[in-house]
Amino acid sequence: MVEIQLDGKKVEVPEGSMVMHAAEKAGTMIPHFCYHKKLSIAANCRMCLVDVEKAPKPMPACATPVTQGMIVRTKSDKAIKAQQSVMEFLLINHPLDCPICDQGGECQLQDMAVGYGKGASRYEEEKRVVFHKEVGPLISMEEMSRCIQCTRCVRFGQEIAGQMELGMVNRGEHSEITTFVNGTVDSELSGNMIDICPVGALTSKPFRYSARTWELSRRKSVSPHDSTGANLIVQVKNHKVLRVVPLENEAVNECWIADRDRFSYEALNSDARLTQPMVKQGGQWKNVDWTVALEYVANGLKNIKSQHGAASIGALASATSTSEELFLLGQLVRGLGSQNIDHRLRQSDFRVDAGAVRWLGLPIAELSSVDRALVIGSFLRKDHPLFAQRLRQAARHGAQVMRIGAQAEDWALPVGAEIVAAPSQWLSVLIEVAAAVATAKGVTAPLAVQPGEQAQAIAEALLSGSKGAVLLGQAASAHPQAAELLSIANWIAAQTGASCGFLGDAGNQVGAQLVGALPGQGGLNAAEMLAKPLKAYLLFNTELVLDAANAAQAAKALAAAEMVVAFSPFQANVEFADVILPIAPFTETGGSFVNAEGRVQSFHGVVRPLGETRPGWKVLRVLGNLLGLNAFTQESVEDVRAAAGLNDAAKVSARLSNASSATPQLVAAPAGLQRIANVPLYATDSVVRRAPSLQATADAAAPLLAIGTALAAKLGVQTGAKVRVKQGEGSVVLPVAIDATLAADTVRVSAGCPETAALGAVFGTVSLERA
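Residues numbered from 1 in each chain as written. Predicted model: local features only at pLDDT ≥ 70, side-chain atom pairs only at ≥ 80, totals over all residues. Heavy atoms only, no water.

Draft legend 1. The overall build of the protein, seen in detail. From N to C terminus, the protein includes 23 helices and 32 strands. Here the protein has a C-alpha radius of gyration of 28 Å; the compact-globule value for 771 residues is 28 Å, and the two agree. Its C-alpha atoms put the protein at 90 × 65 × 55 Å along the principal axes. Per element, the accessible surface of the protein, about 29,800 Å² overall, is 51% carbon and sulfur. The distance from the centre of the 71 positive side-chain charges to the centre of the 73 negative ones in the protein is 2 Å. (Helix = DSSP H or I, 4+ residues; strand = E, 2+ residues; numbered from the N terminus. Rg over C-alpha atoms; globule rule 2.2 N^0.38 Å. Areas by Shrake-Rupley, 256 points an atom, 1.4 Å probe, with all protein chains shown as cover. Lys, Arg positive; Asp, Glu negative; His and termini not counted. Charge placed at Lys NZ, Arg CZ, Asp CG, Glu CD.)

Structure, rendered in structure tokens:
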């Protein structure tokens, strides 16, 4: 530790710290623009000049290392005059358009100008003008004349997002921030550039000119879109969500959120919202009141139970639902006498050890400090933008990130040893890694195989690390041999001293397991409920055809049912449902989500429900009462949470387990081409699918058929050619994208999209022919 004197106070900071860090610790505010605690130091705005004793001139606090006994004055005449001079230079070319600037009221330059600017400018020459840039549907760069070249956005792209989409060109007065070759900003974290921009140069295009910052109420919430459980500040005006920004939480999302969390609110105000219960009569949809709709559902379920038995009723729910909603849905189904309930809609292997609740295996914050990470079966960057960002920071500090998957896609971080193999070979290559670990440690391997060169490299890296993690991604958890993959991953982790866990799926996947949104004794899992159609389905917060592991099978099952009840904030499942009940999205209801690390995060509704929309837990409670079921007496969402057992953090933690007793066995690879399916970034749930700005991005483009170069040559096709993909009884025609990083005999066809919904299971064999 080094002790310095700052404005007469003694401050101790670690050796290598800057004066700015000492000021932060002491609670002293030094004006600055380019400095940001999460970014590298640029020292190019010069606003943080301070008076350092024995220094011949003012020094930038952000780039001046502390030394023992240093004396620093931040409010001396020398420091103040230097800061005022810098402010005068910054304002020379800055336009006087604060009244029409979206940053007005939360602009650092505006605030600093009040404290350090002059009452009138001495600069009488013409101000420079920077031409606007078009960089996509999310970020507005219409007023780049406001830019003060702090380069925060440039450094964010390089260091946090992992790709340099913005850069500075020219010099001096002609310097400007621009994209490369008139490109767009397509990073899945791009919206954070808006937050860190200290002026009004980068603003939110969807929010543009919607409201003034002082007109907005700020309320806390939690994102449901992925297993990070990002903390949000939802900004509201006239009971309407107008903007979403991050709520800083170092343990969860730091000060960042993904674009999916930031811009999906548009769907909540869209015309796609359902505001009144609807019942289908004679093939026509009719609006009805809640009493009629709920009595219709209750009577229908009673009739089906009496005619076909309770086992003919099943519930399928999305893990973007709150824990309270999923708990009451389970109570409802079990109260009817059925055990058919599941949230694992995209899985194909449902073997879980008794009592095991799948989770990340370590705190989210520790992803930033691992020195070895093996990621298995994950489209990491798009599946988990914030987890990828943490691993990117770990890699920047020397960590080795390795992977096993069907494609060597760009994760925007350095990847060490990797094995690219068809999905059916993932288990065998993971067993090779285990064998290499066993040989190095002199222990017995789970199966005796000869490891390849890359398997040995992965094993050596894991054994050489002091803090490792073996992480199974969404494709691994949906894999037909998911239990065996977990078993081997656990063995490797135990032998190398690493943690083992799942990156997770939707925002409340851990919570869904904790509250029992799983089939009970003798109950059917999600795949079984669709393989042999039931008489009645309760679809909670899901568009099943887009969310199921086998879209074609889901459509067939729903079409064969006598009654389909959809609980949704949107006009969803209209082709299959008999009743649609409008339930509130996460901004309009209270509840809790449990993120990948097992952290229970509760929240309240930030706006009142739209139209006749009602919170899902209230709808289920009333429906339970109409059905004459017990235990539906809760008066508040807090009562439901207590009944679900989520108030005791210690008990929740005790239930988290990634145990797997599955015995790994090598199986022969299927003949033909194997499908690997990703769920596109903006097709993961019903909310993001209806956010206009997100759907206008490059990540929301129509799905393609990705094939390797050898297969393209065999078919005689080029990029953009149309090819028919056949799987089971279904087929679709897709344009080709040639990807040299795909494993041999593997094709990538996205799931979760209407264009590919006619196909079968996300893991399976397909055939191709030129269209």
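Draft legend 2. Fine view of the UniProt feature "domain: 4Fe-4S His(Cys)3-ligated-type" (unreviewed entry) in the protein. UniProt feature "domain: 4Fe-4S His(Cys)3-ligated-type" (unreviewed entry): in the numbering of this structure it lies at residues 78-117. Summarising residues 78-117: 60% helix, 0% strand, and an end-to-end C-alpha distance of 16 Å. (UniProt positions renumbered as here; feature names shortened; annotations may be inferred.)

Draft legend 3. Representation of the sheet that holds strand β31 (residues 746-749) within the structure. The mixed closed barrel is built from 6 strands, whose spatial order is β27-β31-β28-β30-β29-β32. Averaged over neighbouring strand pairs, the angle between their axes works out to 45° when direction is ignored. The pairing of strand β27 (residues 673-676) with β31 spans 3 bridges and is classified as parallel. Among the inter-strand pairings, Q674 is bridged to a residue of β31, identified as T746. (Pairing = 2+ DSSP bridges. Axes fitted to C-alpha atoms, helices over the stretch in contact; angles between N-to-C directions.)

Draft legend 4. Looking closely at the state of the cysteines. Evaluated as defined, the whole model comprises 0 disulfides. With no disulfide of its own, C34 lies closest to C45 among cysteine sulfurs, the gap being 3.7 Å. (Disulfide = S-S within 2.5 Å.)

Draft legend 5. The arrangement of the packing of aromatic side chains in detail. Under the definition given, this model contains 4 aromatic pairs. Consider the rings of W426 and F763, whose centres lie 6.3 Å apart with planes at 85°: the pair is edge-to-face. Remark: F763 occurs in the loop between β31 and β32 (764-770) and W426 occurs in helix α11 (residues 426-441); sequence separation between them is 337 residues. Since its relative accessible area comes to 1%, W426 is described here as buried. The exposure class of F763 is buried, given its relative accessible area of 14%. Where F593 meets F603, the ring centres are 4.9 Å apart and the plane angle is 40°; that geometry is what we call tilted. (Phe/Tyr/Trp six-rings, centres within 6.5 Å; stacked < 30°, edge-to-face > 60°. Buried < 20%, exposed > 50% of the residue type's maximum accessible area, 1.4 Å probe, protein only.)

Draft legend 6. Quick peek at the sheet that holds strand β2 (residues 9-13). Here 5 strands make up an open sheet; going across it, the order is β2-β1-β5-β3-β4 and the pairing mixed. In the strand order of this sheet, the two ends are held by β2 and β4 (59-60), each with one partner. Strands β1 (2-6), β2, β3 (49-52) and β5 (71-73) of the sheet are contacted by helix α1 (residues 19-26), whose axis makes an angle of about 115° with β2. (Contact = heavy atoms within 4.5 Å.)

Draft legend 7. Main features of a nonpolar patch on the surface. Among the surface-exposed residues, M164, F180 and V181 lie close enough to one another that they form a single nonpolar patch of about 330 Å² accessible area. Structurally, F180 can be placed in the loop between β8 (176-179) and α5 (192-196). Looking at F180, the relative accessible area reads 44%, which means it is partly exposed. (Patch = residues over 30% accessible without salt bridge, like charges linked within 9 Å, V, L, I, M, F, W, Y side chains within 5 Å. Salt bridge = Lys/Arg side-chain N within 4 Å of Asp/Glu carboxyl O.)

Draft legend 8. Up close: the domain arrangement of the protein. Entries for the protein in the domain assignment read domain 1 (1-77), domain 2 (93-190), domain 3 (288-351 + 509-648), domain 4 (364-502) and domain 5 (673-770). Once you take the C-alpha centre of each, domain 2 and domain 3 turn out to be 47 Å apart. (Domains from an automatic or database assignment.)

Draft legend 9. Molecular detail of the environment of V415. With respect to the helices and strands, the residue V415 is situated in strand β19 (residues 415-420). Residue classification places V415 among the partly exposed positions, given a relative accessible area of 27%. Residues V415 and R392, 23 residues apart in the sequence, show an inter-C-alpha distance of 9.8 Å. Excluding residues that lie within four positions of it along the chain, V415 makes contacts with V401, M402 and R403.

Draft legend 10. Region of interest: helix α8 (residues 323-335). The end-to-end C-alpha distance of α8 is 18 Å, a good match for the 18 Å that 13 residues give at a rise of 1.5 Å each. With 10 of its 13 residues buried, α8 lies for the most part within the structure. The set of residues buried in α8 consists of S323, E324, E325, L326, F327, L328, L329, G330, L332 and V333. Looking at the residues trailing α8, positive phi occurs at G337, about 105°. (Expected span 1.5 Å × (residues − 1).)

Draft legend 11. Structural view of the nonpolar core. The biggest cluster of nonpolar side chains holds 71 residues, and the ones touching the most others in it are F33, I139, F156, L166 and L202. When contributions to this core are tallied by element, the ones reaching two or more residues are α2 (77-92), α3 (108-116), α4 (152-161), α5, β11 (231-237) and β12 (240-246). It is α4 that contributes the most residues to this core, 5 residues altogether. In this structure I139 touches V185, S190, M193, I194, L202, T203 and K205, once residues within four positions along its chain are discounted. Counting 50 residues, the second largest nonpolar core, distinct from the first, contains L294, L301, I313 and L328. (Core = buried A, V, L, I, M, F, W, Y, C linked by side-chain atoms within 4.5 Å.)

Draft legend 12. Representation of the layout of surface pockets. One number sums up the size of the largest pocket: a volume of about 830 Å³. Of all the secondary-structure elements, those providing two or more residues to the lining of the largest pocket are α5, β9 (203-204), β11, β12 and α6 (259-263). Per element, the largest residue contribution to the lining of the largest pocket is 4 residues, and it comes from β12. Partitioning the lining of the largest pocket into residue classes produces 15 nonpolar, 7 polar and 10 charged. (1 Å grid on protein atoms, 1.4 Å probe; cavity = no way out; pocket = protein on both sides within 12 Å on 5 of 7 lines; lining within 4 Å. Points joined across faces, edges and corners; volume = space filled by probe spheres on them. Nonpolar A, V, L, I, M, F, W, Y, C, P; charged D, E, K, R; others polar.)

Draft legend 13. Focus on the pairing of strand β14 (residues 284-287). Summarising the sheet, strand β13 (residues 278-281) and β14 pair through 4 bridges and their orientation is antiparallel. Looking at β14, one finds that V279 is bridged to K286. As consecutive antiparallel partners, β13 and β14 are separated by 2 residues, and within that stretch G282 has a phi angle of approximately 60°, a positive value.

Draft legend 14. Representation of empty space enclosed by the protein in the model. Scanning all chains against the criterion turns up 6 cavities of 30 Å³ or more. At 3 residues, helix α13 (residues 474-477) tops the list of elements feeding residues into the lining of the largest cavity. Within the lining of the largest cavity, the residues separate by chemical class into 12 nonpolar, 12 polar and 8 charged. Put simply, the second largest cavity is a space of about 140 Å³. In terms of lining residues, the second largest cavity is bounded by 15 residues, among which T320, N541, P585, F586 and V687 are the most central. When grouped by side-chain class, the residues that make up the lining of the second largest cavity number 7 nonpolar, 6 polar and 2 charged.

Draft legend 15. Local environment of the environment of C753. Here C753 is to be found in the loop between β31 and β32. The exposure class of C753 is buried, given its relative accessible area of 7%. Spatially, the C-alpha atom of C753 lies 29 Å from that of L391, the residues being 362 residues apart in sequence. Excluding anything up to four places from it in sequence, C753 contacts L546, P680 and P703.

Draft legend 16. Main features of the packing of α11 against helix α12 (residues 453-464). The N-to-C vectors of α11 and α12 enclose an angle of 55°; their axes lie 8 Å apart at closest approach. What the angle tells us is that α11 and α12 run oblique. Helix-helix and strand crossings are classified by hand; for α11 and α12 the assignment is right-handed. Counting all contacts with α11, which are made through E432, V433, A436, V437, A440 and K441, the residues of α12 involved are A455, Q456, I458, A459 and L463. Along the lines of polarity and charge, the residues of the contact of α11 with α12 split into 8 nonpolar, 1 polar and 2 charged. (Parallel < 35°, antiparallel > 145°, perpendicular 65-115°, else oblique. Left-handed = near helix turned anticlockwise from the far one by under 90°.)

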